[in-house]
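One letter stands for each residue in the lines below.
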Amino acid sequence: MPATEQTEDETAVTAAPVRRSHAGAALAVRLAVVVVVLAVAGGGIWFVTRASAPVASPTTTDIPALSVKAADVKPGSAAPVDAVAAGGADQQTSPQSVRSSADPLDDWARKVAAVTGIPARALHAYGNAELAMRSADPGCKISWATLAGIGRIESNHGQYGGAVLGADGRPSKSIIGVPLDGSTGVRAIGDTDGGRFDGDPVADRAVGPMQFIPGTWRKWAADGNGDGLGDPQQIDDAALAAARYLCAGGRDMAAAAGWWSGILSYNNSTEYAQKVFGLADSYAKSARAAQAG
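These figures come from a predicted structure and were not determined experimentally.

Peer 1: Looking at this structure, how should I read the overall build of the protein chain?
Peer 2: For the protein chain, the count of helices and strands is nine helices and two strands. Element order for the protein chain, N to C, with α for helix and β for strand: α-β-β-α-α-α-α-α-α-α-α. Taken over 293 residues, the protein chain has a buried fraction of 55%. A total accessible area of about 11,200 Å² is found for the protein chain, and carbon and sulfur atoms account for 56% of it.

Below, the structure is given as structure tokens:
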């Protein structure tokens, strides 16, 4: 749950064979989104390619995190198993702004969903975010599996509170956190958005599948699905914004030091980072096993 202030609150499987007859068109469509991601989108949202590194935040008390076991790993000692979405750079898969039947991410997501339990629609968002950052910031090496680990802890992949993630990437009901009003165990963050994103004109609340605080969303907002808007409740947008946030300051998210720095900037809790590590490592290994099988 990234913020400038906050509350307490695997190597991947290669995609199923790409439909070669449609690959050129799909690739051309996908390349367009990089421009969208790094440009001014509709609604007056600016997408920034470089900014100062986010400020660390306290531990989460988000309910989805409580059922996740922390990995027994020393902070900074290792990064999770590497994972690459939809077959990797050898296929030159690029992010997509308009989903189509020729999208290799769809086949990849269905296969990985079967072995990880992550909804295929959420996997598509995490994979697309990785691919977008591979084009926009190749040195970061952010993995879909790390984004999936965060998404599991923050909102159970957009399913928090009984929500269902729709084909459009939006939960069936808005995901909104507790008011950051300074009550016991909660840091006080006054309203910064007039209730625009969280419906609360008094105090800020974290919003969406990746739990962004409104002020932080304005800084890192992204358009992951290429519709010209940045919506923290839409999982493509939220996953890409989280990827950009984690890549801040030139981090290498495939290296131990960079990975831990990024996750602890997202939530400054060793237990939180160990939980994300365990999830990301498990997701990547499961995807690798599915590929080998």
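Peer 1: Even after reading the chapter, I still don't get the nonpolar core, so can you show me in this structure?
Peer 2: Across soluble globular proteins, you tend to see nonpolar side chains buried next to one another. Counting 61 residues, the largest nonpolar core has Tyr126, Ile142, Trp144, Phe212, Ile263 and Tyr266 as its most contacted members. When contributions to this core are tallied by element, the ones reaching two or more residues are helix H3 (104-116), helix H4 (120-136), helix H5 (144-155), helix H6 (214-220), helix H7 (235-246), helix H8 (256-266) and helix H9 (270-292). Beyond its immediate chain neighbours, meaning those up to four positions away, Ile142 contacts Glu130, Met133, Leu147, Ala243, Leu246, Cys247 and Met253. Counting residues in each nonpolar core, the second largest holds six residues, with Met1, Leu180, Ile189 and Ile213 among its members.

Peer 1: Just checking my understanding: could you explain the state of the cysteines for this structure?
Peer 2: Joining two cysteines, a disulfide is a covalent bond between their sulfur atoms. Applying the stated rule across the entire model yields one disulfide. Here Cys140 connects covalently by a disulfide to Cys247, the sulfurs 1.9 Å from one another. Around the S-S axis, the bridge from Cys140 to Cys247 shows a dihedral of about -80° and counts as left-handed. With Cys140 in the loop between H4 and H5 and Cys247 in the loop between H7 and H8, this residue pair connects regions lying 107 residues apart in the sequence.

Peer 1: I tried to follow H8 on my own but got confused; where do I start?
Peer 2: One turn of an α-helix holds 3.6 residues; hence residues three or four places apart share an orientation. Where burial is concerned, most of H8 is hidden: eight out of the 11 residues are buried. Those residues of H8 that fall on the buried side of the exposure criterion are Ala256, Gly258, Trp259, Trp260, Gly262, Ile263, Ser265 and Tyr266.

Peer 1: How do you make sense of H7 when you look at a structure like this?
Peer 2: Across its 12 residues, H7 extends 16 Å between first and last C-alpha, which sits within 8% of the 16 Å expected from 1.5 Å per residue. Looking only at H7, the buried set comprises Ile235, Asp236, Asp237, Ala238, Ala239, Leu240, Ala241, Ala242, Ala243, Arg244, Tyr245 and Leu246.

Peer 1: Honestly, the packing of H5 against H8 in this entry has me stumped. Any pointers?
Peer 2: In helix packing, the relevant descriptors are the interaxial angle and the interaxial distance, both defined with respect to the helix axes. Contact geometry of H5 with H8 gives a least axis separation of 12 Å together with a crossing angle of 25°. With respect to each other, H5 and H8 are oriented roughly parallel. In this structure, H5 meets H8 at a crossing whose hand is right-handed. Here Thr146, Ile150 and Glu154 of H5 lie close against H8, whose contacting residues are Trp259, Ile263 and Tyr266.

Peer 1: Help me understand the environment of Gln274, please; the structure alone is not making it clear to me.
Peer 2: Here Gln274 lies in helix H9. When residues no more than four places from it in sequence are discounted, the contact partners of Gln274 are Ala70, Ala71, Val73, Pro75 and Trp260. Polar contacts involving the side chain of Gln274 include one to the main-chain carbonyl oxygen of Val73, which spans 3.0 Å.

Peer 1: Sorry if this is basic, but what is going on with the environment of Asp237 here?
Peer 2: You can see Asp237 is positioned in helix H7. On the basis of relative accessible area, Asp237 is assigned to the buried category, the value being 0%. The spacing of Asp237 and Pro209 is 28 residues in sequence and 9.8 Å in space, taken between C-alpha atoms. A polar atom in the side chain of Asp237 sits 3.4 Å from the backbone nitrogen of Asn225.

Peer 1: Honestly, the packing of H3 against H4 in this entry has me stumped. Any pointers?
Peer 2: Where H3 meets H4, the axes come as close as 8 Å, and the angle between the chain directions of the two elements is 120°. Classified by the angle their axes make, H3 and H4 are oblique. H4 is crossed by H3, and the crossing has right-handed handedness. Seen from H3, the contacting residues are Leu105, Asp106, Trp108, Ala109, Arg110, Val112, Ala113 and Thr116; seen from H4, they are Ala120, Leu123, His124, Gly127, Asn128 and Leu131. The residue inventory of the contact of H3 with H4, partitioned by class, reads eight nonpolar, four polar and two charged.

Peer 1: What should I look at first to understand the packing of aromatic side chains in this one?
Peer 2: Between two aromatic rings, the relevant description is the distance of the centres plus the angle of the planes. One pass over the full model with this rule turns up eight aromatic pairs. Pairwise contacts between aromatic rings join Phe212, Trp217, Trp220, Tyr245 and Tyr266 into one cluster.

Peer 1: How do you make sense of unusual backbone geometry when you look at a structure like this?
Peer 2: As a rule of thumb, non-glycine residues mostly have phi less than zero, and peptide bonds are mostly trans rather than cis. Unusually for a residue other than glycine, Lys141 sits at a positive phi of about 60°. Residue position: Lys141 is located in the loop between H4 and H5. Classification of Lys141 by relative accessible area gives partly exposed; the value is 43%.

Peer 1: What exactly am I supposed to notice about the confidence of the model for the protein chain here?
Peer 2: On average, residues of the protein chain score 78 in pLDDT, and 71% of them are at 70 or above. Predicted confidence in the protein chain is weakest over strand S1 (residues 40-41), with a mean pLDDT of 32, and strongest over H7, with 98. With pLDDT under 50 throughout, residues 3-62 is counted as low confidence; its partners more than four residues away or in other chains account for 191 contacts. Scored below 50 in pLDDT, residues 87-94 makes 21 contacts in the model with residues more than four places away or belonging to other chains.

Criteria and cut-off values
Residues numbered from 1 in each chain as written. Predicted model: local features only at pLDDT ≥ 70, side-chain atom pairs only at ≥ 80, totals over all residues. Heavy atoms only, no water. Helix = DSSP H or I, 4+ residues; strand = E, 2+ residues; numbered from the N terminus. Buried < 20%, exposed > 50% of the residue type's maximum accessible area, 1.4 Å probe, protein only. Areas by Shrake-Rupley, 256 points an atom, 1.4 Å probe, with all protein chains shown as cover. Core = buried A, V, L, I, M, F, W, Y, C linked by side-chain atoms within 4.5 Å. Contact = heavy atoms within 4.5 Å. Disulfide = S-S within 2.5 Å. Expected span 1.5 Å × (residues − 1). Axes fitted to C-alpha atoms, helices over the stretch in contact; angles between N-to-C directions. Parallel < 35°, antiparallel > 145°, perpendicular 65-115°, else oblique. Left-handed = near helix turned anticlockwise from the far one by under 90°. Polar contact = N/O pair within 3.5 Å; in protein donor to acceptor, adjacent residues only side chain to side chain. Nonpolar A, V, L, I, M, F, W, Y, C, P; charged D, E, K, R; others polar. Phe/Tyr/Trp six-rings, centres within 6.5 Å; stacked < 30°, edge-to-face > 60°. pLDDT = per-residue confidence, 0-100.

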